[in-house]
Amino acid sequence: AAAAAAAAMAIYVKAFSLVLKTASKPLAKKVKEITIQSPTVREFMIRTALRVDRLNQSIMSPVDAAPALSPGGRRMKIQTKDPKPRVMSPDQALTAAADFLGEAFVFAVAGGLVWWEAGKSQAKDDAKAAAAAAEREDLARLLGLQQRALRELTEVVREIGEFRHGGGGSAAG
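Report on the accompanying structure. (Residues numbered from 1 in each chain as written. Predicted model: local features only at pLDDT ≥ 70, side-chain atom pairs only at ≥ 80, totals over all residues. Heavy atoms only, no water.)

Moving on, we get to the overall build of the protein chain. Helices and strands together make up the secondary structure of the protein chain, namely three helices and zero strands. Counting the 173 residues in the protein chain, one finds 10% classified as buried. (Helix = DSSP H or I, 4+ residues; strand = E, 2+ residues; numbered from the N terminus. Buried < 20%, exposed > 50% of the residue type's maximum accessible area, 1.4 Å probe, protein only.)

Put into structure tokens, the structure is as follows:
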């Protein structure tokens with residue numbers, strides 16, 4: 001009965017997780033819409049996205065190096081991309097930041113579910129470990145009782161043997 005209840009509970013937990021993951025996507029879309037409409041958050045998102053874009057371009061920009069030489073020692077003409085980095089427009093920055101915020105929301109929901117399920121799994125493992133420790137303790141106590149009973153029984157058998165050999169032989173003779 002306990003196993004059936006645990007299996008049913010596991011199904012409910014999985015169904016709840018699936019519903020929450022499914023609901024997080026429309027919620028993320030709504031979060032994006034709300035943050036775009038808020039002037040304070042909008043400005044913050046644009047500034048942050050532009051900073052991240054500048055950082056990304058500084059990391060990805062090619063380092064000025066010596067001109068490439070062919071095996072014969074002649075200079076090779078290498079076409080480089082536009083050396084001037086393109087700057088994001090505020091609309092592009094807002095869209096990128098809103099998309100990031102929506103994806104971060106979905107990721108946070110999924111990560112929270114993983115953390116919650118891991119906590120439940122850890123609690124279940126801890127309960128199993130506690131039950132196993134209690135069972136080992138009970139078995140050790142039972143083993144101790146059996147050993148004591150065996151010693152007492154051995155003592156009784158020894159006394160009976162002494163009585164038969166010692167006391168029984170003098171009464172017969």
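Here the focus is the side chain of Asp-53. On the secondary structure map, Asp-53 appears in helix α2 (residues 39-60). No salt bridge forms around the buried Asp-53; measuring N to O, its nearest opposite-charge neighbour Arg-54 is 7.4 Å away. Sequence-distant contacts of Asp-53, defined by excluding residues within four places in its chain, comprise Arg-86, Val-87 and Met-88. (Lys, Arg positive; Asp, Glu negative; His and termini not counted. Salt bridge = Lys/Arg side-chain N within 4 Å of Asp/Glu carboxyl O. Contact = heavy atoms within 4.5 Å.)

Considering all chains together, one arrives at seven salt bridges under this definition. Note that Lys-14 is salt-bridged to Glu-117, the shortest N-O span being 3.7 Å. In this pair, Lys-14 sits in helix α1 (residues 2-37) while Glu-117 sits in helix α3 (residues 90-172), placing the two residues 103 residues apart along the sequence. What makes Glu-117 partly exposed here is its relative accessible area of 25%. Salt-bridge contacts for Asp-138 lead to Arg-141; the nearest nitrogen and oxygen are separated by 3.3 Å. Placement of the pair is Asp-138 and Arg-141 together in helix α3, with a separation of three residues, close to one helical turn. Classification of Asp-138 as partly exposed rests on a relative accessible area of 39%. Here Arg-141 falls in the exposed class, since its relative accessible area comes to 52%.

Helix length check: α1, at 36 residues, gives a terminal C-alpha distance of 51 Å against a target of 52 Å (1.5 Å per residue), a fit within 8%. Taking the largest bend as the criterion, α1 deviates by roughly 25°, centred on Lys-25, and proline Pro-26 comes between one and four positions later. Looking only at α1, the buried set comprises Val-13, Ser-17, Ser-24, Ala-28 and Thr-35. (Expected span 1.5 Å × (residues − 1). Bend = angle between axes of the 7 residues up to and from the residue.)

Turning our attention to the side chain of Ser-24. Inspection of the secondary structure assignment puts Ser-24 in helix α1. Taking relative accessible area as the criterion, Ser-24 reaches 2% and is therefore assigned buried. Filtering out sequence-adjacent residues up to four positions away, Ser-24 remains in contact with Phe-105, Val-106 and Val-109.

As enumerated under the stated definition, the model contains one aromatic pair in all. Taking the centre distance of 6.3 Å and the plane angle of 70° together, the rings of Phe-16 and Trp-116 count as edge-to-face. Here Phe-16, found in helix α1, pairs with Trp-116, found in helix α3; they are 100 residues apart in sequence, far enough to count as distant. Since its relative accessible area comes to 47%, Phe-16 is described here as partly exposed. (Phe/Tyr/Trp six-rings, centres within 6.5 Å; stacked < 30°, edge-to-face > 60°.)

This next bit is on the nonpolar core. It is characteristic of soluble globular proteins that their nonpolar side chains tend to be buried jointly. With seven residues, the main nonpolar core is built from Met-45, Ile-46, Ala-49, Ala-93, Leu-94, Ala-97 and Ala-98. Within the residue set of this core, elements represented by two or more residues are α2 and α3. If one sorts the elements of this core by residue count, α3 sits on top with four residues. Ignoring sequence-local partners within four residues, the contact set of Ile-46 consists of Pro-90, Ala-93 and Leu-94. (Core = buried A, V, L, I, M, F, W, Y, C linked by side-chain atoms within 4.5 Å.)

A few words now on α2. If you check α2, its first and last C-alpha atoms are 31 Å apart, about what 22 residues at 1.5 Å a residue would give, namely 32 Å. Residues Met-45, Ile-46, Ala-49 and Asp-53 constitute the buried set of α2. An end-on view of α2 places all buried positions within 100° of arc, on one side of the element. Turned more than 90 degrees away from the buried face of α2 sit Thr-40, Arg-51, Arg-54, Leu-55 and Ile-59, all of them exposed. (Arc of directions from axis to C-beta.)

Spatial relationships are all this shows, so hold off on functional conclusions.
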